[in-house]
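# Remarks on the overall topology
Listed here are the chains, written in short residue letters.
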Amino acid sequence: EDQVTQSPEALRLQEGESSSLNCSYTVSGLRGLFWYRQDPGKGPEFLFTLYSAGEEKEKERLKATLTKKESFLHITAPKPEDSATYLCAVQAAGAQKLVFGQGTRLTINP
Amino acid sequence: GAVVSQHPSRVICKSGTSVKIECRSLDFQATTMFWYRQFPKQSLMLMATSNEGSKATYEQGVEKDKFLINHASLTLSTLTVTSAHPEDSSFYICSAMTMNTEAFFGQGTRLTVV
């Protein structure tokens, strides 16, 4: 069974304090790994798709990386507006649906 | 990124009535759409996968007669909560998948059944 585990469950950082969120996965052939950001009361906002080990993508203060077993979302010099829940999901080869992790609630204190 | 519009964003209905939620892909055609339910401080729970022109595939434990899904066109899917009860109160979110198999989400619908 495909599984996604995100850690930590919650993370508090000071503004400017860089860190990484982890997404470990087991899947029967990876088609894609997705990162989303979700603000309270809103739908998830698409951030990145990664398709193969070694791939990296960046957007502003965020950088996503992928290995054969996990993905990291690195956040550099975060700002309070980066506070949100970050969700990781995988799509198995030949499958349509995404399997989501439980998310990491990130809080950036000013 | 692609835009998915979901309406209404909030709805309050009386117990026993039905509520329809619409999900539209505004700038792309989506052969596949998904419907999720989300409880407070929890992740997304997939309810069903809908493919245009065919019957939706429901996840185990989801009542297909209570949660009716229609995907009549490449840009529109609807979720109807029939004979709603207070326990159906929740946050419902749709997503639409592009040809590149990237999934974009609507804004969500907060349903309150009183």
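As a reminder, the structure under discussion sits directly above these lines.
Residues numbered from 1 in each chain as written. Chains lettered and ligands numbered in written order. Predicted model: local features only at pLDDT ≥ 70, side-chain atom pairs only at ≥ 80, totals over all residues. Heavy atoms only, no water.

### Remarks on the overall build of chain B
Condition: A helix here means a DSSP run of H or I that spans at least four residues, while a strand means a run of E at least two residues long, and both kinds are numbered starting from the N terminus. We call a residue buried when its accessible area falls under 20% of the maximum for its residue type, exposed when it is over 50%, and partly exposed in between, using a 1.4 Å probe and counting protein chains only. In what follows, residue pairs with any heavy atoms lying within 4.5 Å of each other are defined as contacts. Here the Shrake-Rupley method, with its probe set to 1.4 Å, supplies the accessible areas, and only the displayed protein chains count as covering residues. Lys and Arg are tallied as positive, Asp and Glu as negative. Neither His nor the chain termini are counted. Every charge is mapped to an atom, namely NZ of Lys, CZ of Arg, CG of Asp or CD of Glu.
When helices and strands are counted, chain B shows 0 helices and 11 strands. With respect to the principal axes defined by its C-alpha atoms, chain B has extents near 40 × 25 × 20 Å. Burial analysis of chain B (114 residues in total) assigns 53% to the buried set. Counting contacts in chain B only where the partners sit at least 6 residues apart, residues at least 24 apart contribute 53% of the total. Accessible area of chain B: about 5,600 Å², with a carbon and sulfur share of 51%. Separation of charge centres in chain B, based on 10 positive and 9 negative side chains, amounts to 8 Å.

### Things to note about the state of the cysteines
Going by this rule: Cysteine sulfur pairs qualify as disulfides if the two atoms are within 2.5 Å.
Following the criterion strictly, the structure yields 2 disulfides over all chains and no others. One disulfide bridge connects A:Cys23 with A:Cys88, the sulfur atoms lying 1.9 Å from each other. Between A:Cys23 and A:Cys88, the S-S torsion sits near -65°, and that sign places the bridge as left-handed. Here the residue A:Cys23 occupies a position in strand S3 (residues 19–26), and A:Cys88 occupies one in strand S9 (residues 84–92), the gap between them amounting to 65 residues. By relative accessible area, A:Cys23 is classed as buried at 0%. With relative accessibility at 0%, the residue A:Cys88 sits in the buried group. Covalently, B:Cys23 is tied to B:Cys94 through a disulfide, its sulfur atoms 2.0 Å apart. Taking the sign of the torsion about the S-S bond as the criterion, the disulfide between B:Cys23 and B:Cys94, at about 80°, is right-handed.

### Some thoughts on the interface of chain B and chain A
Operational definition: When two components associate, each loses some accessible surface as probed by a 1.4 Å sphere; the sum of these losses over both components is called the buried area. N or O atoms within 3.5 Å of each other form a polar contact, as long as, within protein, one can give a hydrogen and the other can take it, and as long as residues adjacent in sequence are counted only when both atoms are side-chain atoms. When residues are sorted by character, Ala, Val, Leu, Ile, Met, Phe, Trp, Tyr, Cys and Pro go into the nonpolar class, Asp, Glu, Lys and Arg into the charged class, and all the rest, Gly among them, into the polar class.
Taken together, the contact pairs 21 residues of chain B with 19 residues of chain A. Counting the surface lost from both chain B and chain A, the interface buries some 1,600 Å², and carbon and sulfur atoms represent 54% of this. Three residues stand out in chain B for area buried against chain A, namely B:Ser43, B:Thr101 and B:Phe105, and they jointly supply 29% of the buried area on that side. There are 8 residue pairs in polar contact (both at pLDDT 80 or more) connecting chain B and chain A. Going through the elements one at a time, strand S4 (32–38), strand S5 (44–51), strand S9 (90–97) and strand S10 (103–105) of chain B are the ones with two or more residues in the side of chain B that touches chain A. Split into classes, the residues belonging to the side of chain B that touches chain A amount to 10 nonpolar, 9 polar and 2 charged.

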